[in-house]
Amino acid sequence: MTETSGPAGADSQAILTIDLAALAANWRVLAERVAPGECGAVVKADAYGIGIEAAAPALAKAGCRTFFVAHASEGRRVRAVVPHAVVYVLNGLLAASLPTLIAHDLRPVLGSLEDASLWAHAGEGHACALHVDTGMNRLGVVPADVAVIAGMGLAIDVLMTHFVSSEATTDPTNHAQIARFSSVRTALPQARASLANSSALYLPQKPYGDLVRPGYALYGGNPTPGSDNPMQAVVRLEAPLLQIRTIEAGEKVGYNAQWTAKRRTRLATIGIGYADGLPRAAMGTDDRAGGEARVAGVLCPFAGRVSMDLTIVDVTDVPETALKGATAVLLGDGITIDDLGLRAATIGYEILTRLGARYHRVYVD
Ligand SMILES: *Cc1c(COP(=O)(O)O)cnc(C)c1O
């Protein structure tokens, strides 16, 4: 167990516990699923908020050899902790990132004809990947350009594409994208095929190719929305109860008085707010239920607006004696990142990648 700051609770901080054994177990589940294809790991955005320096070595220890990041600077961080990793940089090739790519042996994912010419001139023959856009209209070359780039003599070792809606298993777009990808693959027969993010590992078409790129599922996100989550939770978030007070029915709570007590209500003010990455949109108002915290085993709704460093929860249903020494669990004990995302009108991906910098972080394995 490694801790990143002083003893838990010493600074009234919320505690973020990151389970590296669960991360490794999730990777193994996916790796077995796609075998004999290779399972990589997407560790962009500081490994979806949990920390590249902890996540990448844990994944490497589980057997992962190939990592995907968004920026060259993130790739450099992976290189520093997993020296033998194969690292692809998804966001394409920026001239300014060339020195970092070359110095740290990172492979750009070329996404345009300009990227391809730049790497042909400056890439010193190093390996790279090519991204073909099969319907996202975001990054990647149009299918017709694959043959053009194939003629440029680059060391393209992976040909990849990205799904538009792989979590929607019956969406015909998935099939169309797979067909478009297959039609260009012949132009680069030596390159390995890489199509799948987390949810695509659960598509009926099994578009695993030679190398898959899960991110969200590794960190405990549900790759099969609407069905049971096959992954283990990786993050647990707990905030201290700072104050308990009782108010009368009709009293209002928090900024702009958006929540009204419908009964005599016991409130707990907890030490976490939007500055910690708890979305303000998870506020509970008279019109709309918001987020929930579990206190002494009881689900307690947010009462009023989430403020910068504080959130108020309705703990009326928690026996008074159980409140002593209790904490408010925001993630864990049955509350998932997908749940909180839904309550905050966003997705679990955003919950993870906004996990705050001032948590007391505890890594367990
Ligand atoms: C972020 C990303 C992934 C990982 O997606 P998840 O849904 O988190 O598994 C894979 N491929 C590309 C190109 C990405 O940008």
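Notes on the structure follow.

With respect to the environment of I50
Now for step 1: Looking at where I50 falls in the secondary structure, it is placed in the loop between α2 (44–48) and α3 (52–62).
Now for step 2: Counting along the chain gives 122 residues from I50 to P172, while the straight-line C-alpha distance between them is 34 Å.

Focus: the nonpolar core
Now for step 1: If you look at the biggest cluster of nonpolar residues, it comprises 109 residues, and the most contacted ones within it are L23, F67 and V235.
Now for step 2: Counting residues per element, this core draws most heavily on helix α1 (residues 20–34), which supplies eight residues.
Now for step 3: No fewer than three residues from each of domain 1 (37–219) and domain 2 (235–364) sit in this core.
Now for step 4: V253, A261, L267 and A303 belong to the second-largest nonpolar core, a separate cluster that totals seven residues.

Quick notes on the pattern of salt bridges
Now for step 1: All told, the structure shown has 16 salt bridges when counted by the stated rule.
Now for step 2: Taking the shortest distance from any N to any O, the salt bridge between R107 and D157 comes out at 2.3 Å. A residue pair is termed long-range when its members are at least 10 positions apart, and R107 in strand β7 (residues 107–110) and D157 in strand β9 (residues 155–160) qualify at 50 residues.
Now for step 3: Since its relative accessible area comes to 19%, D157 is described here as buried.
Now for step 4: Residues R264 and E248 are paired through a salt bridge, measuring 3.2 Å at the closest nitrogen-oxygen approach. Of this pair, R264 sits in the loop between β14 (259–260) and β15 (265–270) while E248 sits in the loop between β12 (235–247) and β13 (252–253); the two residues are 16 residues apart in sequence, bridging distant segments of the chain.
Now for step 5: Owing to a relative accessible area of 39%, E248 belongs among the partly exposed residues under this scheme.
Now for step 6: Here the salt bridges share partners, and the residues they tie into one network are E38, R65 and R192.

Overview of the site of the ligand
Now for step 1: In the vicinity of the ligand there are 14 residues, among which K44, Y48, S198, G215 and Y349 approach most closely.
Now for step 2: Y216 is positioned with one of its backbone polar atoms (N or O) 2.8 Å from an oxygen atom of the ligand.
Now for step 3: Take Y349: an N or O atom from its side chain is 2.5 Å from an oxygen atom of the ligand.
Now for step 4: Alone, the ligand offers 390 Å² of accessible surface; in the complex the protein occludes 93% of this.
Now for step 5: In terms of residue class, the shell around the ligand is built from seven nonpolar, four polar and three charged.

Examining the pairing of strand β2 (residues 15–19)
Now for step 1: In terms of burial, β2 is largely enclosed, as four of its five residues are buried.
Now for step 2: As paired elements, β2 and β12 share four bridges and run antiparallel to each other. Bridge pairing in β12 links I15 to E238.
Now for step 3: In the sheet, β2 pairs with strand β20 (residues 360–364) via five bridges, with the strands oriented parallel. Each residue of the ladder has a partner; that of D19, found in β20, is V364.

Side note on the packing of aromatic side chains
Now for step 1: Evaluated as defined, the whole model comprises four aromatic pairs.
Now for step 2: With a centroid separation of 4.7 Å and 25 degrees between ring planes, the pair formed by Y48 and Y219 is classed as stacked. You can see Y48 sitting in helix α2 and its partner Y219 sitting in the loop between β11 (211–212) and β12, a full 171 residues away along the chain. Just as Y48 is buried, Y219 falls in that class too.
Now for step 3: When the centroid spacing of 3.9 Å and the interplanar angle of 15 degrees are considered together, the rings of Y216 and Y349 count as stacked. Of the two residues, Y216 sits in the loop between β11 and β12 while Y349 sits in helix α11 (residues 348–353), which places them 133 residues apart along the sequence.
Now for step 4: The class for Y349 is partly exposed, based on a relative accessible area of 31%.
Now for step 5: The structure contains a cluster of three or more aromatic residues connected by ring pairs, namely Y48, Y216, Y219 and Y349.
Now for step 6: Across the ring face of Y202, the terminal group of R33 is positioned such that the distance to the ring centre comes to 3.9 Å.

Parameters at a glance
- Residues numbered from 1 in each chain as written.
- Predicted model: local features only at pLDDT ≥ 70, side-chain atom pairs only at ≥ 80, totals over all residues.
- Heavy atoms only, no water.
- Helix = DSSP H or I, 4+ residues; strand = E, 2+ residues; numbered from the N terminus.
- Core = buried A, V, L, I, M, F, W, Y, C linked by side-chain atoms within 4.5 Å.
- Buried < 20%, exposed > 50% of the residue type's maximum accessible area, 1.4 Å probe, protein only.
- Domains from an automatic or database assignment.
- Salt bridge = Lys/Arg side-chain N within 4 Å of Asp/Glu carboxyl O.
- Near = heavy atom within 4 Å.
- Polar contact = N/O pair within 3.5 Å; in protein donor to acceptor, adjacent residues only side chain to side chain.
- Areas by Shrake-Rupley, 256 points an atom, 1.4 Å probe, with all protein chains shown as cover.
- Nonpolar A, V, L, I, M, F, W, Y, C, P; charged D, E, K, R; others polar.
- Pairing = 2+ DSSP bridges.
- Phe/Tyr/Trp six-rings, centres within 6.5 Å; stacked < 30°, edge-to-face > 60°.
- Lys NZ or Arg CZ within 6 Å of the ring centre and 35° of its normal.

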